[in-house]
Structure formats: structure tokens, C-alpha cells
Amino acid sequence: MTPNTVAADPAAIAAEERVYARVTWRLLPFLGLCYLVAYLDRVNVGFAKLHMLADLSMSEAAYGFGAGIFFIGYFLFEIPSNLALHRVGARWWIARIMVTWGIISGAMAFTEPMARATGLPVETVFYGLRFLLGAAEAGFFPGVLLYLNYWYPSHRQSRAIALLLMAQPFSFVFGGPVSGAIMDGFSGAGGLHDWQWLFLIEAAPAVLLGILVVLRLDNGIDEARWLTPADRQLLKDELAKDAGTKSDHSLRELFSVPAIWLFVAILFCIVTGVYGINFWLPTILAETGLKSVLAIGGVTAACYFSSAVMSVLITRHAERVNEKRWHAAGAAVAGGVSLALSAAWPDNTLLTASLLSLATTGGLVATALFWSFPGSLLAGAGVAAGLAAINSFGNLGGFVGPYLLGLLSQWLHSRTAGVAALGAIMVCAGLLIAANCRHYGLRKPAR
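K.L.:
Let's hear about the packing of aromatic side chains: which residues, and what values?
P.N.:
We describe a pair of aromatic rings using the distance from one ring centre to the other and the angle between the two ring planes. Applying the stated criterion across every chain yields a total of 16 aromatic pairs. Between Y20 and Y152, the aromatic rings sit 5.8 Å apart at their centres with planes inclined by 25°, giving stacked as the arrangement. Of this pair, Y20 sits in helix α1 (residues 10-43) while Y152 sits in the loop between α7 (140-149) and α8 (157-165), placing them 132 residues apart in sequence. For Y152, a relative accessible area of 3% gives the class buried.

K.L.:
So what's going on with the pattern of salt bridges? Residues and values would help.
P.N.:
When the charged atoms of two side chains lie near each other, side chains of opposite charge can form a pair. Across all of its chains, the model carries six salt bridges by this definition. Across the salt bridge formed by R91 and E223, the nearest N and O atoms sit 3.1 Å from each other. A residue pair is termed long-range when its members are at least 10 positions apart, and R91 in helix α4 (residues 90-107) and E223 in the loop between α10 (194-216) and α11 (229-243) qualify at 132 residues. We classify R91 as buried; its relative accessible area is 17%. When its relative accessible area of 33% is taken as the criterion, E223 is described as partly exposed. Between E238 and K241 there is a salt bridge, with the nearest N and O atoms lying 2.8 Å from each other. Of this pair, E238 and K241 both sit in helix α11, three residues apart, which is roughly one turn of that helix. For K241, a relative accessible area of 57% corresponds to the exposed category. The network of salt bridges with common partners includes E16, E17 and R156.

K.L.:
Explain α4 to me, and be specific about the residues and the numbers.
P.N.:
With 18 residues, α4 ought to run about 26 Å at 1.5 Å a step, and its terminal C-alpha atoms sit 26 Å apart, in line with that. Among the residues making up α4, those that are buried are A90, R91, I94, A95, I97, M98, W101, G102, I104, S105 and G106.

K.L.:
Which residues make up the side chain of E202, and what values do they have?
P.N.:
Checked against the element boundaries, E202 lands in helix α10. Among buried Asp, Glu, Lys and Arg side chains, E202 stands out as unpaired, with R130 the closest opposite charge at 10 Å. If we ignore the near neighbours within four places in the chain, the residues touching E202 are L40, D41, N44, G175, V178, S179 and I182.

K.L.:
Describe empty space enclosed by the protein, with residues and values.
P.N.:
Per the stated rule, a full pass over the model turns up three cavities of 30 Å³ or more. The computed volume of the largest cavity comes to approximately 140 Å³. Taken together, 18 residues make up the lining of the largest cavity; nearest its centre are Q168, V271, Y275, T367 and N395. For the lining of the largest cavity, the elements supplying multiple residues, two or more each, are α1, α13 (258-286) and α16 (349-370). Of the residues that constitute the lining of the largest cavity, the class distribution is 12 nonpolar, five polar and one charged. As a volume, the second largest cavity reaches approximately 40 Å³. Y39, Q168, V274, I277, N278, T360, G363 and L364 together form the lining of the second largest cavity. Mapped onto the lining of the second largest cavity, the elements with two or more residues apiece are α13 and α16. Residues of the lining of the second largest cavity, tallied by class, amount to four nonpolar, four polar and no charged.

K.L.:
So what's going on with the state of the cysteines? Residues and values would help.
P.N.:
Two cysteines, two sulfur atoms, one covalent bond between them: this is a disulfide. Considering all chains together, one arrives at zero disulfides under this definition. Residue C428 stays outside any disulfide, its sulfur separated by 5.4 Å from that of C269, the closest cysteine. Under the relative-accessibility criterion, C428 is labelled partly exposed at 37%.

K.L.:
Lay out the packing of helix α3 (residues 60-88) against α7 with the relevant residues and their values.
P.N.:
In contact at an axis separation of 8 Å, α3 and α7 are set at 30° when each is read in the N-to-C sense. Crossing of α3 against α7: the hand is right-handed. From α3, Y74, E78, N82, L85 and H86 reach across to α7, where they touch F141, P142, G143 and L146. Split into classes, the residues belonging to the contact of α3 with α7 amount to five nonpolar, three polar and one charged.

K.L.:
Any details on a nonpolar patch on the surface? Residues and values, ideally.
P.N.:
Nonpolar side chains collect at one region of the surface, where F305, V309, M310 and L313 lie side by side and expose about 360 Å² of accessible area between them. Residue classification places L313 among the exposed residues on the basis of a relative accessible area of 52%.

K.L.:
Kindly report on the environment of Y403, identifying the contributing residues and their values.
P.N.:
Note on placement: Y403 falls in helix α19 (residues 397-412). Between the C-alpha atom of Y403 and that of A67, which follows or precedes it by 336 residues, the distance is 7.6 Å. Y403 has contacts with A61, G64 and F65, leaving out every residue within four places of it along the chain.

K.L.:
Mind laying out the packing of α4 against α10, listing which residues take part and the relevant values?
P.N.:
At a minimum axis separation of 8 Å, α4 and α10 run at an interaxial angle of 165°. Looking at the two axes, α4 sits roughly antiparallel to α10. By crossing handedness, the relation of α4 to α10 is classed as left-handed. Of the residues in α10, those touching α4 at R91, W92, I94, A95, M98, V99, W101, G102, I103, S105 and G106 are F199, L200, A203, A206, V207, L209, G210, V213 and V214. Of the residues in the contact of α4 with α10, the class split is 15 nonpolar, four polar and one charged.

Cut-off values and rules
- What you see as residue numbers is a count from 1 along each chain, following the sequence as written.
- Confidence filtering applies because this is a predicted model: local features only for residues at pLDDT of at least 70, side-chain atom pairs given and counted only at 80 or more, and all residues used for totals across whole chains, interfaces and linings.
- Remark: hydrogens and water are excluded; side-chain values derive from all non-hydrogen atoms of the structure.
- Aromatic rings from Phe, Tyr and Trp, taking only the six-membered ring of Trp, are treated as a pair when their centres fall within 6.5 Å; an angle between ring planes under 30 degrees marks them as stacked, one over 60 as edge-to-face, and anything in between as tilted.
- A helix here means a DSSP run of H or I that spans at least four residues, while a strand means a run of E at least two residues long, and both kinds are numbered starting from the N terminus.
- Here's how the labels work: a residue is buried when its accessible area is under 20% of the maximum for its type, exposed when over 50%, partly exposed in between, all with a 1.4 Å probe on protein chains only.
- The term salt bridge refers to a pairing of a side-chain nitrogen on Lys or Arg with a carboxyl oxygen on Asp or Glu at a separation within 4 Å.
- Each helix should span, by expectation, one fewer than its residue count multiplied by 1.5 Å.
- Working convention for charge: Lys and Arg count positive, Asp and Glu count negative, and His plus the chain ends are omitted.
- Whether two residues are in contact is decided by their heavy atoms, any of which lying within 4.5 Å being enough.
- Lining residues are defined by having an atom within 4 Å of a point belonging to a cavity or pocket. Those points lie on a 1 Å grid over the protein atoms alone, cavities being sets where a 1.4 Å probe fits but cannot get out and pockets being open sets with protein on both sides within 12 Å along at least five of seven lines.
- Grid points are joined across faces, edges and corners, and a volume is the space filled by probe spheres set on the points.
- Residues are grouped as follows: Ala, Val, Leu, Ile, Met, Phe, Trp, Tyr, Cys and Pro are nonpolar; Asp, Glu, Lys and Arg are charged; all remaining types, including Gly, are polar.
- The rule for a disulfide is simple: a pair of cysteine sulfur atoms within 2.5 Å.
- Orientation is described by lines fitted to C-alpha atoms, with helices fitted over the stretch in contact, and by angles between N-to-C directions that extend from 0 to 180 degrees.
- Left-handed describes a crossing whose near helix is turned anticlockwise from the far helix by less than a right angle; the clockwise case is right-handed.
- Patches here: salt-bridge-free residues with over 30% relative accessible area, like charges joined within 9 Å, nonpolar side chains (Val, Leu, Ile, Met, Phe, Trp, Tyr) joined within 5 Å.
- Calculation of accessible area relied on Shrake-Rupley with a 1.4 Å probe; when residues are assessed, cover is drawn exclusively from the protein chains displayed.
- Here the word oblique covers every angle except those under 35 degrees (roughly parallel), over 145 (roughly antiparallel) and from 65 to 115 (roughly perpendicular).

Listed below in C-alpha cells is the structure:
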């Protein structure tokens, strides 16, 4: 028997799998839809940029700063948001998050009128709205991660998180063509620019889903009347066994745990590359010769669809063989190298799109496997604060990536060096995982 093999009664395993399959089908499609809308409202600025900069007379560097400043608001408000969710419950807090960010995302359409009304520069209003959007959305993703900790033991979280993270690529699979269709079909309607319609139309689902969260989401296992008492007890027993290997920490104590800073560094490196891709992918594809926004959206959708499929298959394999370090490290390195190479052939749409697809797959796989690492270390209120702290500090890479790429593109009059720099940073994530993350997120061998 290999060290990673887990021996157990086949009948007990089958019964356990049935219960978790039921939980997954109940929770993940709805949470994934919410996250899809969250991600769409976060990155649709990449499509709006295609025409927005000219209409608002904004520079590439200003756009990069505004795209990234979202994560400063996210950083400042994420830990308080997750602690609030832990205290008041997921249902109302996640609903609050979604309704608030939907309203602010829609307000992005009125950047220019708000600048005229306040006398502020357009760039300042753009920065302010992006900051507020980050503050409003702060806590959603770590809140959902925390919520999954209420249902799944750490060794099961990678697959659940991989299914949740499918919302990222599918926000482009659906959002790319939809964004393109909105911008092509609504240009000039009602006296508004195409990018204004994009922000308005794509903000509405967040508000509607926020209302549905109140009706659909249970705060935890004890409220899940769709499970039998035996099923609820099985889930609680699994969580109790998993909790025996974890430790609880106060917020102050968390920052003295070396593993927390390791996790922050890994996530920062992954996020720097991933958001560099997400915010600039439409622009990179446009520079290969694609002309219409609809065509760019279609190619973007193809890239992300293939990434979604591959990420789920690789993550499931990692859980099945009970090995996550090399799967995650290899994915991050392969993704970083692919990203670095993606700008090397600016006249070849197929090759550029293929490399960006591989880069996105690497980022998704590394992210999904990574989030089982802190879940296997923290317990109690410590997991609420820990997940939020790791996510908030790590997501500063979402500020650094787009802004660094924008600055390098403007200074060097070429995107190649900036894209290569982001790829190198993602490779660093893989090296950190390979060197330090052997035992995290694994199912422990039966004794």
C-alpha cells in the first residue's frame, strides 16, 4: 500500500459518496452561478475597455490602475466581511454582497456623467467606482470558501472548489459572446455607448441572484431539511474527524503562523498571472487581427471552455490519487510558461489563443488545489479569518498584474515583456508549492 492510499469499507465509501454527491448538486450549481455573475461583473471591464478608453479619453496606464484598484477595496474589507459572515450566517450576508456589487457595477455606466456632476476627472471617478466595487464584493469568494468548509472536509474541498472555479472560465464562455453581442447590438441605443449598456445589462443578474440567495441557501448542515437525519450526522462526523487535525487561531495569532505567509505568497503569484490574463485577454486577441468584438468574444469563450474542462479533470485526478503538490506545482509552472510565450506570436490568433488557454488551465488547476491547503490547517473562527486573510493579501496580485502589464506596455510600446513578467511570477507559485506543500489538503491514510 502506498503512503497516499486510503483503506476503507467499500460500502461505507459508496454511502459517503452518495451523500456528498447530493450536497454537491444542491450547493455547487447555484453557488457557481453566483460566482459566474461575480466574475463577469469583475472582468467585463476588459471588454468595455475596447471602446471605453477612446470615449472617456483615458490612457492604457489609467485603465490598468483602475482595473487593479478593485483589489485594494477587496483587500481592505475582506477580513471584516468574512468574520461578519461567520457570525450572522451565509444566507443574508452573501445576499447583501451580491445586491450591493450589482448596484455599483451598474453605476460604472455613468462614469462620465458622474465626473461632470462632481467636477472630478473621469479617471478619478473610474478609480473610485472600481474601488467601491471591490469593497462591495469583498468577502464573496472567501465567504463561499468558508461556506464550503461548513460542508466538506479538507480533502474533499479541491473538487468542490474546482467546480466553483468553473464559473471563472464560463463567465467568459458565456460572457464573451454575450458581452460582444451587447456591445455590437446596443451601440448608440438610448443615447448610450455600447460599453455603458454592457455594464447596465450585466449588473442586473447580481441583484436578482442576491434575492434568490435568501430563499435558496442554508446556513449550514443543521438547516438542510433536504437531507435525512442520518445524512446530516454523517456530514457532521466527517467534519469532526477532519477538525481533529486542525488548529484554531485568533486573528492576531494567524499572522505569526509561517504557513499563512507561504499561502499568501503562493496565491499572490497565481493571481498576478491569472488577472493579467483576464483583464487583457480581449486586447491581446484583438492585436492578433480579430476585428469585431463578437469575434473576440467567441475566441475568448473557446479558450475558457477548454480550460474549464481540463481543470476539472486534472483536479479530480489529483484527489483520486491523493497527490496535490506536484499537480498544483506542475499546473502553475506550465501555466506561467504558456502565458510568457503567448505574446511571442502576435500575428497568429490560433497559437496565441491556445497558449492563453493553457495558461488559464494552469491558473485554474493551481488555484483549485491550492485552496485545500489552508483548509487542512485551520479550524473554527480561524478558518474564517485565515481564508479571508490569505485571499485578501494574495489578491493584491490582482492589482499588481493588470497595472504592471499596463505600465510595461506603455513604457516599452509592446505587451511582450509585460506578459512574460506575469508568466514568470506564476512560475514562482509552482516553485513555492513544489518546495513547501507536500502534506496539505490530503486524505489521511486509514489506520
